[in-house]
Amino acid sequence: MQRSGMISIWFFIGVLLLAYGILILASGVWELSSPPEHPVVLANLHVGIWWGALMIVLGGFYTFRFLPGRK
Amino acid sequence: MSLSAVDIAIIALYFAAVLGIGFYLRRFTKTGEDFFLAGREMTAWVAGLSFLAANLGSLELMGWAASAYQYGILAAHWYWIGAIPAMLFLGIVMIPFYYISKTHSVPGYLKLRFGEPARALSAISFGLMTVLMSGINMYSMALIMNVILGWDIHFSIWASSVTVALYVVLGGLLSAIFNEVLQFVLIWFGALLISIVGLIEVGGWSGLVARVHERFPNQDYTHLWSGLGSFTGNPMGIHWVGIVFGLGAVISMGYWTTDFLVVQRVIAAKDLRSAKLAPIIGAAFKMCVPFIVILPGLLGLAVLPEHLVGANEVTAGQHSYNEVLPLMLARYCGPGLLGLGITALIAGFMSGMAGNVTAFSTVWTYDIYRAMIRKNATDQHYVTMGRWCTILGVLVSIGTAYMVMSFKSIMDYVQALFSFFIAPLFGTVILGMLWKRATPAGGFWGLLAGTASSIGMWAWVQLDHSAIRYVALSANAQDMAENMFRALWSWIVCVIVTVVVSLMTEPKPMSELKGLVYGETDIPSEGHLPLWHRPIFWAGVVSAVFVVIQVIFW
């Protein structure tokens, strides 16, 4: 659905995943240094860190791959 | 459950993104073809993901997770036998007729095949059903936000619907489809984590089965088919005949092949091969959706300390089945991930609602307004009408949401409405596509008789509940089983009446059936394509995986 001059939907998805990944990873790292009073179940897995990292990798890939103007 | 600043930032970013996409795409939405059919330029992947996302409303996400808690893995039938065969049938058999006829809508196809009366009947019933479903979706979303997060119910309804209205008014179907793909990705990222962490907690699938059996020793929640030999051998009170013939052969075929809400996304594809591939791609992902919807419900049975109850039985401090997905979200997701999960629920609601309002505005503008009220206006006039109609659809949906607050049992009535119109419509469309002898009178009277018989059976059971033993073949049948059998009977009535009336009336000349019916439509051959480029090959792959899954969870 790439009309002339139209930014790909995959670029928008990449940017949003990247932004979310950064926020979630940062939040996970913050929790490492200041653990919450009522941790969630299996908090020891530090899910936020690896889920945030995965989103950064995928978001970064899609952002770069579908960057507007990139051939 | 309370949200942190990171959670709120994630939700706010989501709203900014969907609105930004709407504003960005406005410049690409100028003609009626752009607004109502996204310029017919979708790739197979985008059309396929959007086709599936339009169906992933909040009712779908939270409702089926709740059903999984209530009925166990049987709820997965609605994702597997209740979807996959129908989606593949749409891609391989029916799409060529929709696509080659160049119709704008399913009622539009009925106009070409059977004439104006059949189109009018299906357009009006579809419009009514769509806005009602949209309102129900909206209310269920607002209710969950209220129960789980304490958000004001009016704020949830208005903030979400105004956002959807804005981005659809700005960019039409193009904007809806763009956002649906984005929402589809977010739904997966937000919900998948529950299943992964949940499986780690219970020790994998075998640990899950062991825990569920230990906590609920008198019910079988973990087998897909083996308990369906009798009405009393499973938590749903349903027989395999109802699942295979009512759900698999009629309701799902009706929904996935004739509900314009989903078909609209496929006929917006850029060419016939992409249009055929889109539902097959959708089917491949649909098979995986139980992993983020059904599995959290089953995990809830295994790990939640309290036993959830039906919405009508909730007392202070208790939670209903409907809250199982948010409860599981709160169990595993800390700051940031919780915001992502809530965003997934909001995205589900918005994709479902945008699907409803875009389909409503197309059917209203092309099949009611242009057909019956103003026939020869300019293309620009119809685009403007489509934009106003989107706002009107959203407002009527909001009205329906408020109506639901007053009449709680209307949820059941709307589910019934859905089955009234979809099952007979499938009978009419499939005969129209595959049987040249079906006549305009046969199509109209078959559709009317099927719809009337379905409403009649529903009313009969409402007035005298013992009639359920005739409609659903068992006095033990539950509501879900009644829906399945009612759909099956109404489809049979529609087919019989269509056949009988057609044989008694004059058929259309063959020259008027070109591109509309099997045997009179030149469907381009795919013989020259490599095997892996052919839709039929991928349909075969999806079918094989589908069969393997049934055997694994038998």
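Conventions adopted
Residues numbered from 1 in each chain as written. Chains lettered and ligands numbered in written order. Predicted model: local features only at pLDDT ≥ 70, side-chain atom pairs only at ≥ 80, totals over all residues. Helix = DSSP H or I, 4+ residues; strand = E, 2+ residues; numbered from the N terminus. Rg over C-alpha atoms; globule rule 2.2 N^0.38 Å. Contact = placed C-beta atoms within 7 Å. Axes fitted to C-alpha atoms, helices over the stretch in contact; angles between N-to-C directions. Left-handed = near helix turned anticlockwise from the far one by under 90°. Nonpolar A, V, L, I, M, F, W, Y, C, P; charged D, E, K, R; others polar. Parallel < 35°, antiparallel > 145°, perpendicular 65-115°, else oblique. Core = buried A, V, L, I, M, F, W, Y, C linked by C-beta atoms within 7 Å. Buried ≥ 20, exposed ≤ 12 C-beta atoms within 10 Å, placed from the backbone. pLDDT = per-residue confidence, 0-100.

### Digging into the overall build of chain A
Counting its regular elements, chain A contains two helices and zero strands. For 71 residues, the compact-globule estimate of 2.2 N^0.38 gives 11 Å, and chain A exceeds it by more than 25% at 16 Å. For chain A, the C-alpha atoms occupy an extent of roughly 55 × 15 × 15 Å along the three principal directions. Pairs at least 24 residues apart make up 83% of the contacts formed inside chain A by residues separated by at least 6 positions.

### So, the overall build of chain B
Broken down by element type, chain B carries 21 helices and zero strands. If you line up chain B on its principal axes, its C-alpha atoms span 65 × 55 × 55 Å.

### Points about the packing of helix α8 (residues 153-202) of chain B against helix α13 (residues 294-303) of chain B
All names here are of chain B. Where α8 contacts α13, the axes come no closer than 10 Å and their chain directions differ by 35°. Crossing hand, α8 versus α13: left-handed. Side by side, α8 and α13 meet where I194, S195, G198, E201 and V202 of the first sit next to L295, P296, L299, A302 and V303 of the second. Here the residues of the contact of α8 with α13 are counted per class, giving seven nonpolar, two polar and one charged.

### A look at the packing of helix α1 (residues 9-33) of chain A against helix α2 (residues 47-65) of chain A
Residues and elements named next belong to chain A. Contact geometry for α1 and α2: axes closest at 7 Å, N-to-C directions at 155°. On the basis of their axis angle, the class for α1 and α2 is roughly antiparallel. Taken as a pair, α1 and α2 cross one another with a handedness that is left-handed. Residues that form the contact of α1 with α2 fall into these classes: 18 nonpolar, nine polar and one charged.

### Regarding the nonpolar core
Ranked by size, the top nonpolar core spans 220 residues in total, and within it A65, I177, V181, L182, I294 and L298 of chain B carry the most contacts. No other element matches the 23 residues that α8 of chain B contributes to this core.

### Quick word on the interface of chain B and chain A
If you look at the interface, chain B gives 28 residues, while chain A gives 24 residues. For the side of chain B that touches chain A, the elements supplying multiple residues, two or more each, are α1 (5-25), α8, α14 (324-332) and α15 (337-373) of chain B. Examining the composition of the side of chain B that touches chain A, we find that nine residues originate from one element, α8 of chain B, more than from any other. A breakdown of the residues in the side of chain B that touches chain A according to their chemical character gives 22 nonpolar, three polar and three charged.

### Considerations on α13 of chain B
Of all ten residues in α13 of chain B, nine are buried, a share of seventy percent or more. Here α13 of chain B has its buried residues at I294, L295, P296, G297, L298, L299, G300, L301 and A302 of chain B.

### Looking at helix α3 (residues 44-53) of chain B
Across the ten residues that make up α3 of chain B, a large majority, nine, are buried. Buried within α3 of chain B are the following residues: A44, V46, A47, G48, L49, S50, F51, L52 and A53 of chain B. Considering only its buried residues, α3 of chain B is in contact with α1 of chain A together with α8, α11 (260-267), α12 (272-286) and α15 of chain B.

### Considering the environment of E37 of chain A
Within the secondary structure, E37 of chain A sits in the loop between α1 and α2. Residues E37 of chain A and W50 of chain A, 13 residues apart in the sequence, show an inter-C-alpha distance of 22 Å.

### As for unusual backbone geometry
All names here are of chain B. Despite not being glycine, A38 has its phi angle at roughly 50°, a positive value. Mapping A38 onto the fold places it in the loop between α2 (32-37) and α3. Residue classification places A38 among the buried positions, given that 31 C-beta atoms sit within 10 Å. At R40, a position not held by glycine, the phi torsion is positive, near 45°. Residue R40 is classed as partly exposed on the basis of its C-beta count, with 19 C-beta atoms lying within 10 Å.

### Comments concerning the environment of M510 of chain B
All names here are of chain B. Considering the arrangement of structural elements, one finds M510 in the loop between α20 (479-504) and α21 (535-552). Judged by the 11 C-beta atoms lying within 10 Å of it, M510 is exposed. Distance from M510 to A544, taken between C-alpha atoms, is 38 Å for residues 34 residues apart in sequence.

### Section: the confidence of the model for chain B
Residue and element names in this part refer to chain B. Summary statistics for chain B give a mean pLDDT of 87 and a share of 97% for residues scoring 70 or more. Least confident of the elements in chain B is helix α17 (residues 410-434), whose mean pLDDT is 79; most confident is α21, at 96. Note on the complex model: pTM 0.87, ipTM 0.94.

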